[in-house]
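# Reading the structure
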Amino acid sequence: MTTADLILQQLINGVSLGAMYALLALGFTLVYGILELINFSHFNIFMVGSFVALMTLDAFGLKGQTVVLTGLPLAGVLLVAFLVTMVATGVLGVGIERFLLRRVRHVKGPAAMITTIGVSYILLNVVLLTTGADAKNFPNPLPAVHYDIGGAVLRLREILIWIIAFVLMGGLSYFVNRTRLGKAMRATAQDPDAARMMGIEVDRVIMTAFFVGSALAGAGGLIFGLYYNFTSASVGFVAGLRAFTAAVLGGIGNVPGAMVGGLIIGLIEASGGQLIATAWTDVVIFSILVLVLVFRPSGLFGRMAPNKS
Amino acid sequence: MTVKLTRRSALMATAATAAAATLGVSGAEAADKVVKIALEMSFTGADATSALRAAQGAMMAIDEANESKAVKGVKFEYVKFDDGTATAGQYDPVQGATNARKMVSDRDIVASVGPQMSGVGKAMAPILSQGNLATITPASTNPDITDPKFAAQYRPAGKAIYFRTVATDAFQGPNMANFMADKLKVKSIFVLDDSGAYGVGLADAFQAQAEKKGIKILGRDRLDPKAADYSAILTKIKSLGADAMYYGGVGQAGVKLAKQSYEIIPNVIKAGGDGMFGSDLLTGVGFPAVEGWYATQASPHVVDDPKLGNWTKKYTEKYKMGPDDYTVTSYDAALIIIDAVKRLVAAGKPVTRDNVRDNIQSSKVSTLQGEVEFDEHGDLKNKVISVFQIKQDKTKPLDDPSSQYKYVGVAPTV
Amino acid sequence: MVTAALNALGRPFAGIAPERRKFITLVLLTVVMLAFPIVHDNDGDIDSMANAMSYATLALGLNIVVGFAGLLDLGYAAFFAIGAYYYGILTSFQVMPEWSSFWQPFAALGLVEKMNQGGPDLVHFTLSFWLALPTAALVAAFFGVLFGAPTLRLRGDYLAIVTLGFGEIVPIVARNKSDWTNGAAGLNGVQAPRLFGWSFGVDATPYYYVGFAMVVLLIFISIRLRDSRIGRAWMAIREDETAAAAMGVNLVRFKLLAFAIGAAFAGMTGVFFVAKLQTATPEMFGFPVSTMILVMVVFGGMGSVWGVVLGAAVLQLLQSWFLKDLTQWINAFGDLVGSAWLRQVDLVQSIELIFGIILVVMMLFRREGLIPAMAKAPPLNMAAQTANVQRGGFTGLERIGRWQPAGGNALEVKGVTVKFGGLVALNAVDLVVPDGGVVAVIGPNGSGKSTLFNVITGLVHSDGGSIRFHGAELLGLAPHEILEAGVARTFQNIRLFPNLTVLQNVMIGEHARLHAGPVASVLRLPGTRREEAGARAWALDIIGLFGNRLTPRIDQIVSGLSYANRRRVEIARAIATRPKILLLDEPTAGMNPAETLELAEQIKSLHELGLTILLIEHKLDVVTRLAQNVIVLDHGEKIAEGLPDDVRRDEAVLTAYLGRTAQAAHAGVANG
């Protein structure tokens, strides 16, 4: 491999990782933007999403890497899997909001955040106690198509992950910026009381944010499974933490910021592994985060939501 | 209330000890004496499943002993101790130390199987030594605990109490380095570990010997077992043009590493220790990604021994899951304790901790991994390292290690 | 529910005075704790208790950071790790530099010894446990300041993520710097503590007593700090940072102090923990540990010293002791009734699930924790509620003394400009307040009045000009320095410390006039005691100025007071700072005419006492009644200045207030 190939390959690696972090970061950002709440349950909604996806693909008879689909069947299976996963995690997110978080939403202090930590423990352990801690082999129906660009390899799954992430993020941007509900969401983020007085159903907006954010996390879980061909009960924490870092880095509450933040963290991880050592990746990521926040306390792109405290 | 209850159990314990003495002298036909074996594992958190597998290995041996009345007049019971805590989210040496004290306090417990993790072992060993309670670890391989250099800390009371049915990292790694240099003709290698005590120790020992054998170490890095993506480091290995990659660690990171290295560096020789031997790898990674990996076992390979195959079948039927490497070592550990008690009863000696320890020390037991004997520090006398390579055998169950791992040979000793 | 049970338990003792009851409870508790290892001979359970004590001290430390100062720290275990490795490395055989004469003096002090394992002579560190405890506290405190410093500008969420980052970094460094820490394999050969030549060894009992002593000491320190100038400053920061700064609290110093003291507790605990365990691995200090300590604090009651100790004890003992026993009982019960399911149930394995459920249930139904930090004050009786209302200014003014105006100008604002982005909030405004005078600032909404107050008190930065107070420049000073100079204020939309009592609020006003530091507050020497008693007396005097409005309510939480009373507390808090000038931002807003009149009289009586006052007010009758000079702002510019009656007739003023078309129509009303 030449240096150029190497850089290209690590770019491909980093962008793919970043796309996944970005999807997760969007969920954090949506909820944070509106509620100023660090939603720790998001970590494990992502994990649950990957398990729902695993079961869905399993139901299609896809086990391990033995069945490869192409064309319409592949598109159909993926579409169904995405729908099922996103609806399931979306409903899970809404349930958490409706039955638990809504009751602590107006409490000053970390009560809501602690609740999400509790929910996170519950989700993790329900999965852990029912399926065990082992890594599960995730089906991969994608054909092993790849393109050689010099010494670098670009696989179909990478192209797919970029397209899906791009489409979902584009859809989200459209939703937030152009639709009625999206505008209501932004208004609520700015000032929930004023929004309420303007006739916006704040409860509905918040539920929508949870649904959309959790559904994106579910999609992230499916993409994660397709990309890495495994899942386990413990995948939520590291991915979630880095995604959250990405959201803060980009400027929390800021949708494009979360995407760029995700990409930056992905690229740091790839280049850190190449240039320094993966052992120090987290140190590098968090050091950069601290530096960014010290010099730009509202993230690289500024926060969209005002600080309500 | 708690105080009262414990008082009573202490009384009962005294009575039991007295009964044991009587039993030893007269061999009376009284009700079976209960002998407790502690199972000290990380049942909570990240290692829960492998803990369960290991514990079930020991439980199976105990159940079998009870069913076959292996020791006349003795009923074995197991007591589970969990060193995983919600505080640590995984194994927790702090809780290990507490458990060791609890074990010492329960006079019915004569020996223990565990712990899994060397970190826990280091916290437990001094306490067990003071309490003169022997433990046999099926999984912790850090050499420090049985190293005479640290005897003052880990066995302050003098005698060895920390036995192992696994070889320490001090042999497995270096022998495999010899094998890769001599047999596989590896010239350059990249070494990885999984941040855990076992993985780091194994990779360190491997790397040191590999350097001596003239293999060029292209780099050394550490995987975060909770992270998902190892493509950055694998791409780096690819760009360095390594002949081989050695991974010290267990399945948690191993599964992901195997999957991704199949995609990124399919033609590089890949090897690991006994942490890469087991059905969790076969099912978690799946074929074809897992094909070709080398793994080692710290025991001599018994060619075409149907014993292991039958045992695997029995285990799988009983617990509805496949065994892994530490199920075997844990089963063996329980066998050794049962054997020690058996010899005591046969010799008419009381079943005390002290006597059980002495008998474990002098064990010569035929187990799944062959005949086991301990040296004076508690390590296996037998230091044969067997090398296996994964080659798919479609005629056999794909999650059965004994048919999917092909025996390659013995790794040359240092 | 818990409260009800406690009340039921307490009923037979109702005859005993509360103070005495508290004392008896404490004595009983101490006796039980001291006797526990003697009557309960299970070493494992004693060890569980000792671990619970370590977590209690950690929870006490985090309580200072999160509970008192309100700084959300998600990486607290980092300091625990630093203390642990500090002791671990300095008593084990891990780091052994080559011997040289440099080490001679350390050897003489017993900190190191010469060792030979073949090869050159090596240094073996032999730090004593008893010396390690205080020094680890210092080392950890240093790191607390180091990690805290970059987070000072950050709030809430960002603070949380940066602390989380440090919390991740420290264990990673411990894992990767294996030549110092032996990495994941864990330290070997950590020394057990020695006392007069006797080694603690592995027996749990001596550790239990050391742990108990540490808990007692740290509870003592926590309570002393909480009930002092330091604790009040922290709670002020927690409740409202801006108001705290405006009341003279040095945010930088007190935030760092909270980080440092919190870290010091963790550092000490780390030493104790590792000495007991005699090994340390990086996994003992990860994110789950930080979360767990936070959970203990929240579960017990944030800011509640006894609560967090109880929270830590309950959660730790639950997982290391009770659940296992409970499981055994359930299994035995299953044996008895022949239920296979009950025989196999394993609660220990579900501990994290149980934790999750406990957390969620607590947050939904009992957020204040097991023992709430703020006891509810008893409701007022009828007499206190319907106390007769005062008229004609403050009562008891003689108690607070007189101001002696020196003549000349107290405050001189020259050409002050403030811009927010493109918006000019203040444009070259000039203003003079003579010493002992009352000046009012009026102007329509958005004219820059509050911005003027904010720039004078240092809450916003100016883009030019000068503000001199008795000749000294205020611009560029931090809010607390401006308060120290004698400028106190109230806020337009009332910024009290909502979850504190009336008395606490007013006493925070005295912050800058008191001197007790952390050490003095803990030791509470006669000097500090006198200062504190004086501060309390002064606060009561000032509260007493409002007659029966506030005095019966000194122990009530201010968020429960009526609007008018909250205004009064805010004014009392400002007077408590012993200001040379008082800046009142719409003090009568939201009051009814009677209350307005009452307050106007009271302000007037302050003026008559010689206090200089700068006032923002919409109610022109109040302005007329009080002010000698009126300044009118519009769109950030001064458009008029003069005697109240002149200003009321000024055309520019009328235009600004009412718009041109309404001007004529209103002219008659204004004159009438």
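Relevant structure appears above.
### Looking at the overall build of chain A
Within chain A, the secondary structure is distributed over 11 helices and four strands. Against the 2.2 N^0.38 benchmark of 19 Å for 309 residues, chain A shows a C-alpha radius of gyration of 19 Å, consistent with a compact globule. Summarising its shape, the C-alpha atoms of chain A cover approximately 60 × 45 × 40 Å along the three principal directions. Taken across its 309 residues, chain A has 62% of its residues classed as buried. By element, 71% of the accessible surface of chain A is carried by carbon and sulfur atoms, the whole surface being about 11,300 Å². Looking at chain A, you have 19 positive and 13 negative side-chain charges, and the mean spots of the two groups are 9 Å apart.

### Overview of the interface of chain B and chain C
Many descriptions give the size of an interface as the accessible area lost when the pieces come together. If you look at the interface, chain B gives 43 residues, while chain C gives 48 residues. Roughly 3,800 Å² is buried in total at the junction of chain B and chain C, and carbon and sulfur atoms are behind 55% of that figure. Taken as a group, B:T87, B:V94 and B:R101 account for 18% of the area that chain B buries against chain C, more than any other trio of residues on that side. Here chain B and chain C share two salt bridges between them. The salt bridge partner of B:R101 is C:D43, with a shortest N-O separation of 3.7 Å. Listing elements by their share of the side of chain B that touches chain C, those giving two or more residues are α1 (2-26), β2 (74-82), β4 (90-91), α3 (93-105), α4 (118-131), α5 (151-154) and α7 (197-212) of chain B. The dominant element in the side of chain B that touches chain C, judged by the number of residues it contributes, is α3(B), at eight residues.

### Here we look at the sheet that holds strand β11 (residues 581-585) of chain C
Two strands in a sheet stick together by hydrogen bonds in their backbones, pointing the same way (parallel) or opposite ways (antiparallel). Residues and elements named next belong to chain C. Taken together, the six strands give an open sheet; going across it, the order is β10-β11-β12-β7-β13-β14, and neighbouring strands pair in mixed fashion. Because the sheet does not close on itself, it has two edges, and the strands there are β10 (487-489) and β14 (637-642). In this sheet, neighbouring strand axes are inclined to one another by 20 degrees on average, regardless of whether the strands run parallel or antiparallel. In this sheet, strand β12 (residues 612-616) lies alongside strand β7 (residues 438-442) in parallel orientation, the contact comprising four bridges.

### A look at the pairing of β14(C)
Remark: a regular strand shows side chains that alternate across the two faces of the sheet. Residue and element names in this part refer to chain C. Two elements, strand β13 (residues 629-634) and β14, share five bridges in a ladder whose sense is antiparallel. Among the inter-strand pairings, V632 is bridged to a residue of β14, identified as A640. With antiparallel pairing between neighbouring strands as the criterion, β13 and β14 make up a hairpin whose turn holds two residues, including H635 at a positive phi of roughly 50 degrees.

### Focus on helix α18 (residues 449-456) of chain C
Residues and elements named next belong to chain C. For α18, the tally of buried residues reaches seven of eight residues, placing the bulk of the element in the interior. Along α18, the positions that sit buried rather than exposed are K449, T451, L452, F453, N454, V455 and I456. Immediately downstream of α18, the backbone of G458 shows phi near 80 degrees, a positive value.

Conventions used here
- Residues numbered from 1 in each chain as written.
- Chains lettered and ligands numbered in written order.
- Predicted model: local features only at pLDDT ≥ 70, side-chain atom pairs only at ≥ 80, totals over all residues.
- Heavy atoms only, no water.
- Helix = DSSP H or I, 4+ residues; strand = E, 2+ residues; numbered from the N terminus.
- Rg over C-alpha atoms; globule rule 2.2 N^0.38 Å.
- Buried < 20%, exposed > 50% of the residue type's maximum accessible area, 1.4 Å probe, protein only.
- Areas by Shrake-Rupley, 256 points an atom, 1.4 Å probe, with all protein chains shown as cover.
- Lys, Arg positive; Asp, Glu negative; His and termini not counted.
- Charge placed at Lys NZ, Arg CZ, Asp CG, Glu CD.
- Contact = heavy atoms within 4.5 Å.
- Buried area = accessible area lost by both parts, 1.4 Å probe.
- Salt bridge = Lys/Arg side-chain N within 4 Å of Asp/Glu carboxyl O.
- Pairing = 2+ DSSP bridges.
- Axes fitted to C-alpha atoms, helices over the stretch in contact; angles between N-to-C directions.

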